[in-house]
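Chains, contacts and geometry: an overview
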Amino acid sequence: MKGRTRNDKGFTLIELAIVLVIIGIIIGAVLKGQDLVDSARHKKLAAEIKQWEVATWTYLDRKGKFPGESGDGTIGNNLPSAENVQTDFSGSGLAIAPATNQLTLGSATFYLFLGSAGARKNIIAVCASGACNSDFGDDGVAYAEAVDAALDGEISGTGGRVRGAGAAVAGSSSTWVATTTGSYAAYTSSTKALLYFFDKKP
């Protein structure tokens, strides 16, 4: 104790306040960075859907029909017949044809399909599983709302060209074809699919 002087001090309140401010800034930057990452992933899904749309229209221009269509103008209208989007795309020779229908974004994985929601109501369906029967969950809802806002300019789920499907969408992960009954619902954790009506508004 004799070696200590009265000038020995710990941290002052000002020094502690500065440290706390710096920690707050770092935490804020980390959280903002996570928001930016999430936003980029949401935009990536919307961009992938648009890429599928471009490939689909290009295929129609080259082949005179949509991929997976049997000649009646409706994709997947005759499931479970031999209609096969994957085979049509892979044999098309188009450089922009998708090589897979699976897209992993962070911890979320989505599957894209071409199909229909009634006669001549062609869709690009985004599902949380290869069978289109799994719930989106809370993370999937954020993706669905971001895609709806990007492609429709509003978030609805029941209006516009982008809609939510509360009922299971029947599909095949190997043919990339899906169909739905045409019942639409707002996005919830139990949403089964995001539907983008790319050729006409339902």
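Refer to the structure above for everything that follows.
First, a word on what this report is: a plain description of the structure on this page. What you see is a predicted model; the values in this text were computed from it and never measured. (Residues numbered from 1 in each chain as written. Predicted model: local features only at pLDDT ≥ 70, side-chain atom pairs only at ≥ 80, totals over all residues. Heavy atoms only, no water.)

All chains considered together, the criterion is met by nine aromatic pairs. On the basis of an interplanar angle of 40° and a centroid distance of 5.6 Å, the ring pair of Trp52 and Trp176 is categorised as tilted. With Trp52 in helix H1 (residues 13-63) and Trp176 in the loop between strand S5 (170-172) and strand S6 (177-179), the pair connects residues that are 124 residues apart, well separated along the chain. Both residues of the pair, Trp52 and Trp176, count as buried. Centroid distance Phe110 to Phe136: 6.0 Å. Interplanar angle 65°. Geometry classified as edge-to-face. In this pair, Phe110 is assigned in strand S2 (residues 108-116) and Phe136 in the loop between strand S3 (122-127) and helix H3 (137-152), connecting sequence segments 26 residues apart. A single burial state applies to Phe110 and to Phe136, both of which are buried. Taken together, the ring pairs connect Trp52, Tyr59, Phe89 and Trp176 into an aromatic cluster. For the cation-ring pair, Arg163 lies above Tyr184, with the distance from its terminal atom to the ring centre recorded as 4.8 Å. (Phe/Tyr/Trp six-rings, centres within 6.5 Å; stacked < 30°, edge-to-face > 60°. Helix = DSSP H or I, 4+ residues; strand = E, 2+ residues; numbered from the N terminus. Buried < 20%, exposed > 50% of the residue type's maximum accessible area, 1.4 Å probe, protein only. Lys NZ or Arg CZ within 6 Å of the ring centre and 35° of its normal.)

Attention now moves to the state of the cysteines. Overall, the coordinates contain one disulfide when judged by the stated rule. What pairs with Cys127 in a disulfide is Cys132, and their sulfur atoms sit 2.1 Å apart. Sign of the S-S torsion, about 85° for the bond between Cys127 and Cys132, identifies this disulfide as right-handed. A residue is classified by how much of its surface remains accessible, and Cys127, at 0% relative accessible area, is buried. The class of Cys132 is buried, set by a relative accessible area of 0%. (Disulfide = S-S within 2.5 Å.)

Attention now goes to the pattern of salt bridges. All chains considered together, the criterion is met by three salt bridges. The shortest N-O distance in the salt bridge between Glu53 and Lys50 comes to 2.7 Å. With Glu53 and Lys50 both in helix H1 and three residues apart, this pair spans about one turn of that helix. Under the relative-accessibility criterion, Lys50 is labelled partly exposed at 35%. One salt bridge connects Lys192 with Asp135, and the closest N-O pair in it is separated by 2.6 Å. Of this pair, Lys192 sits in the loop between S6 and strand S7 (193-197) while Asp135 sits in the loop between S3 and H3, and the two are 57 residues apart along the sequence. Residue classification places Asp135 among the partly exposed residues on the basis of a relative accessible area of 41%. (Salt bridge = Lys/Arg side-chain N within 4 Å of Asp/Glu carboxyl O.)

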